[in-house]
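Structural characterization, general
Chain by chain, the residues:
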Amino acid sequence: MKIKVREEKYENVLALKPEKRLKPKKPSRFIRWLLKTASAAELKKTNFSYTEERTELLAKNEPCVFLMNHSSFIDLKIAATVLYPRPFNIVCTSDGFVGKNRFMRSLGCIPTNKFVSDPLLVKDILYSLRKLKSSVLIYPEASYSFDGTATPLPDSVGKLVKMANVPLVMIKTEGAFIHDPLYNGLRPRNTDVSASIKVLWTKEELEKVSVDEIKQKLIEEFSFDNFKSQFERGVSITESFRADGLNRVLYKCASCGAEGKTFGKGITVECSACGKKYTLTESGKLRAEDGETRFEFVSDWYNWERECVKKEILDGVYKLDVKVRICVLKGTKCLYSVGEGRLRHDENGFVLTGLDGKLEYRQSPESSYSLYADYFWYEIGDMICIGEGGIMYYCFPFDCGDVVAKTRLAAEEMYILKRQGLIK
């Protein structure tokens, strides 16, 4: 999948008038059928199946809030299949509307910017539920998982659920991540995919639970580890490219500590600094060639990287300072490529500068609990996105090795540490 990109002067982009925010549209029965039909071929290849729990408690046309974990591009195809013919609107990122605004609206999509405060989003969700009598599908993690485990949930999700005052339903996938993990460059693997649909609370049951209870329950539901689950279920991934790009996740050598020196190719990940080599086995485990395996699973290695980043922040030595290509999103006509600059990140947050001094954008660590970051974003490159409601900056680091995962980890840990008062 690609996105419409146009070169433009930064000052011309700033001068663009904001687009009018339109109310959500209820997708027609034909559109719902078309989406389901278009999804059938890929789902058939994965032997897709699903189970249901307590869904008999839902009325046929009763609007609900559906929460779904975010694993890969197949997620929407799963939702379109298991929810059919129930009408539903979809909360999705604004960049998904670029060049196809009318089409996305016809699908029932509701635009928002990831990890940015958007008070109008709540109004759009409530409008869909109450006025359109349509359910709403939300991916509360907002971004795809890097390591196959859950990404942080916003604190506001419990409040939103209470405010919606409709049944809350969980859709959880199994196998979707290992079918098409983000790091692997959009190359699906041959494996089965399934899903479970469970009514967590009916409308009446929600009236008896608190916001904190909702949040705790959702943390439990969004608790998973796809690599460990693959091993436990005895699923084999035999593709010869299964470790391609894994260095994007395992950017720090677990043996010598060098960063940006790992390289994932074929079925192995190797550090060019010390020569340590790991094989990603067909079962989803990591195995060191010299027999000394420090981390058997990608998620354990990634969690160690998180702890290393946290220590750097607490010690006051964490810093990102890289050259980036800058694209700007303002409206939905296209993504504007405006030139090059530098992206810096430390305990004071992000600073993006460049374009002959025309650009200086700052973003504090407290502004968001996570970071919109992606691999091979729209087939352009690995990306870090910062910004605010009216304008978003998509930064593509170059000449610096793999920094995207570490930056997201740092943003998440910095947010927590700031709130705990452990750093100024």
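Structure's up top.
Here the structure is a predicted model, which means the values were calculated and not measured. (Residues numbered from 1 in each chain as written. Predicted model: local features only at pLDDT ≥ 70, side-chain atom pairs only at ≥ 80, totals over all residues. Heavy atoms only, no water.)

Concerning helix α2 (residues 29-45)
What counts is decided by this rule: Secondary structure elements follow DSSP: runs of H or I of four or more residues count as helices, runs of E of two or more count as strands, with numbering from the N terminus. To estimate the expected span of a helix, count its residues, drop one, and scale the result by 1.5 Å. To obtain the bend at a residue, axes are fitted to the seven residues ending there and to the seven starting there, and the angle between these axes is taken. Summary of the burial criterion: residues with accessible area below 20% of their type's maximum are buried, those above 50% are exposed, and those between are partly exposed, where the area comes from a 1.4 Å probe applied to protein chains only.
For α2, which comprises 17 residues, the first-to-last C-alpha distance of 25 Å matches the rise-based estimate of 24 Å (1.5 Å per residue) to within 8%. Taking the largest bend as the criterion, α2 deviates by roughly 35 degrees, centred on S39. Among all positions in α2, only I31, R32, S39, E42 and L43 are buried. Following α2 by one or two positions, N47 has its phi on the positive side, about 55 degrees.

A closer look at a nonpolar patch on the surface
Test applied: Note that patches include only residues with greater than 30% relative accessible area and no salt bridge, and the join distances are 9 Å for like charges and 5 Å for nonpolar side chains (Val, Leu, Ile, Met, Phe, Trp, Tyr). Using the Shrake-Rupley algorithm and a 1.4 Å probe, accessible areas are obtained, with residue cover drawn only from the displayed protein chains. The salt bridge criterion pairs a side-chain nitrogen of Lys or Arg with a carboxyl oxygen of Asp or Glu, the two atoms within 4 Å.
On the surface, F30, W33 and L34 cluster together to form a nonpolar patch covering roughly 320 Å² of accessible area. Here F30 shows up in helix α2.

Quick look at the nonpolar core
The nonpolar side chains of a soluble globular protein tend to be buried with one another. To keep it simple, the criterion reads: What is meant by a nonpolar core is a set of buried Ala, Val, Leu, Ile, Met, Phe, Trp, Tyr and Cys residues, joined one to another through side-chain atoms within 4.5 Å. In what follows, a contact means two residues having at least one pair of non-hydrogen atoms within 4.5 Å.
Counting 63 residues, the largest nonpolar core has L343, L352 and Y393 as the members making the most contacts within it. Once residues within four sequence positions are removed from consideration, L352 is found in contact with V324, I326, R342, L343, L359, E360, Y361, I386, Y393 and C395.

Details of the packing of helix α6 (residues 157-164) against helix α9 (residues 211-221)
Heads up, the condition is: Working convention: axes come from line fits to C-alpha atoms, limited for helices to the stretch in contact. Angles between N-to-C directions cover 0 to 180 degrees. Crossing handedness: left-handed means the near helix sits turned counterclockwise from the far one by under a right angle, and right-handed means the same turn made clockwise. Residues are grouped as follows: nonpolar covers Ala, Val, Leu, Ile, Met, Phe, Trp, Tyr, Cys and Pro; charged covers Asp, Glu, Lys and Arg; every other residue, Gly included, is treated as polar.
The contact between α6 and α9 brings their axes to 8 Å, and the two run at 115 degrees. For the pair α6 and α9, the crossing hand works out as right-handed. Between α6 and α9, the contacting residues are V157, G158, K159, V161 and K162 on the first element and V211, I214 and L218 on the second. Each residue belonging to the contact of α6 with α9 can be placed in one class, and the counts come to 5 nonpolar, 1 polar and 2 charged.

Comments concerning the pattern of salt bridges
Scanning the model with the defined rule gives 29 salt bridges in all. Measuring nitrogen to oxygen at the nearest pair gives 3.9 Å for the salt bridge that ties K172 to E221. Of this pair, K172 sits in strand β7 (residues 168-174) while E221 sits in helix α9, placing them 49 residues apart in sequence. Residue K172 is classed as partly exposed on the basis of its relative accessible area of 22%. Looking at E221, the relative accessible area reads 7%, which means it is buried. Two residues, R233 and E174, come together in a salt bridge whose shortest N-O distance is 3.3 Å. Of the two residues, R233 sits in helix α10 (residues 226-233) while E174 sits in strand β7, which places them 59 residues apart along the sequence. The network of salt bridges with shared partners includes K172, K198, K217 and E221.

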